[in-house]
Amino acid sequence: MPSSTSRAGNRPRSRAAAGLPAVTAEKVVDAAVALTAERGLDNWTLRQLAAAVDAYPAVIYHHVGDRDAVVAAVLDRVVGLLSLPDEDLPWQDWFAELLAELRTVLRAHPGTARRLVLFGPSVSAAIRTIDRGVGVLLAAGFGEESVLAYNLLVATACQFVAMEDDRDTTLALRLDNTEEYATYHDRADLPGMAAQGRAMRELMADPELAAGWYARLYDYAVRRCVDGLAHRLAELEAEPRA
């Protein structure tokens, strides 16, 4: 690994002399985002990040800060990857499109969903999405409840992605009881368990269906939240004006 100072007279005294590109904050965050996509946000160290940019950890501290600062920068970068839907879409379609995109982006960067639902990105990174999203709800007629409605939708989406991430990273601890649930498929005395059992039998019989289970669950959760908000909007519209 190169060093800006050298104990040996024949060693390069700078990155430029060693033929290495300069380390910048942007390159550090680039490398952190790449490590997050490959290993998950919580599965790389500052030392590993330094190695990825061929520098010492002190260089990371100098350009970005400690690991928390780097993680915050990664979250901001990931949020910046979101493509916002067309403003002319009806609010239900706007959020269906946004949250489908959100799942794609967050699943490509494991661990970011959990951090986002707990702490959110920086204000500067959030401005674009919040202003547009809350604005869509204001225009739809949610009034003072627009902020609550926006946060309900985004938090629900992030929580379901975080659940998927957690399952992927705890394979050794996960007990697959799908087959046991499936044995209840014909229990007339337990109709709820029988329905669950039939669903599990379908998953076991169709690998494609099983692979898409969490995507379906995510979509269901998002759409039912939207349905609930549509009902609430109807209530708001029916309230007498002051």
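Each remark here, short or long, concerns the structure printed above.
Calculation notes
One numbering rule holds for all chains: residues counted from 1, following each sequence as written. Where totals are concerned, whole chains, interfaces and linings use all residues; where local detail is concerned, this predicted model gives features only for residues with pLDDT of at least 70, and gives and counts side-chain atom pairs only at 80 or more. The basis for every side-chain value is the complete set of heavy atoms in the structure, and neither hydrogens nor water enter the calculation. Numbering of helices and strands runs from the N terminus; a helix is a DSSP stretch of H or I covering at least four residues, while a strand is a stretch of E covering at least two. Here the term buried applies to any residue with accessible area under 20% of the maximum for its type, exposed to any over 50%, and partly exposed to those in between, with areas from a 1.4 Å probe on protein chains only. Whether two residues are in contact is decided by their heavy atoms, any of which lying within 4.5 Å being enough. Salt bridges are defined by distance alone: a side-chain nitrogen of Lys or Arg within 4 Å of a carboxyl oxygen of Asp or Glu. Lines are fitted to the C-alpha atoms to define the axes, a helix being fitted only along its stretch in contact, and any angle between axes, read from their N-to-C directions, falls within 0 to 180 degrees. Each angle receives one of four descriptions, namely roughly parallel if under 35 degrees, roughly antiparallel if over 145, roughly perpendicular if within 65 to 115, and oblique otherwise. Put simply, a crossing is left-handed when the front helix is turned counterclockwise from the back one by less than a right angle, and right-handed when it is turned clockwise. Residue polarity is assigned by list, with Asp, Glu, Lys and Arg as charged and Ala, Val, Leu, Ile, Met, Phe, Trp, Tyr, Cys and Pro as nonpolar; anything else, Gly included, falls into the polar class.

A. Local environment of the overall build of the protein chain. Secondary structure summary: the protein chain contains twelve helices and zero strands in total. Listing every helix and strand of the protein chain by position from the N terminus yields α-α-α-α-α-α-α-α-α-α-α-α. Counting every position in the protein chain, which comprises 242 residues, the buried fraction comes to 33%. Contacts in the protein chain between residues at least 24 apart in sequence constitute 63% of all its contacts with a sequence separation of at least 6.

B. How the structure looks around the pattern of salt bridges. In the structure shown here, the tally under the stated rule is 15 salt bridges. The partner of Arg114 in a salt bridge is Asp166, and the shortest N-O contact between them spans 2.2 Å. Residue Arg114 is found in helix α6 (residues 112–119), and its partner Asp166 is found in helix α8 (residues 146–169); the two are separated by 52 residues along the sequence. In this structure Asp166 comes out as partly exposed when scored by relative accessible area, which is 31%. Two residues, Asp227 and Arg224, come together in a salt bridge whose shortest N-O distance is 2.7 Å. Residue Asp227 and its partner Arg224 are located together in helix α12 (residues 213–238), separated by three residues, close to a single helical turn. The network of salt bridges with shared partners includes Arg103, Arg107, Glu164, Asp165 and Asp168.

C. Fine view of the packing of helix α7 (residues 123–140) against α8. Look at α7 against α8: their axes get within 9 Å of each other, and the N-to-C directions meet at 120°. Taken together, α7 and α8 sit at an angle that is classed as oblique. Crossing of α7 against α8: the hand is right-handed. Only Ser146, Val147, Ala149 and Tyr150 of α8 make contact with α7, whose side of the interface consists of Thr129, Ile130, Gly133, Val134, Leu137 and Leu138. Tallied by class, the residues present in the contact of α7 with α8 amount to seven nonpolar, three polar and no charged.

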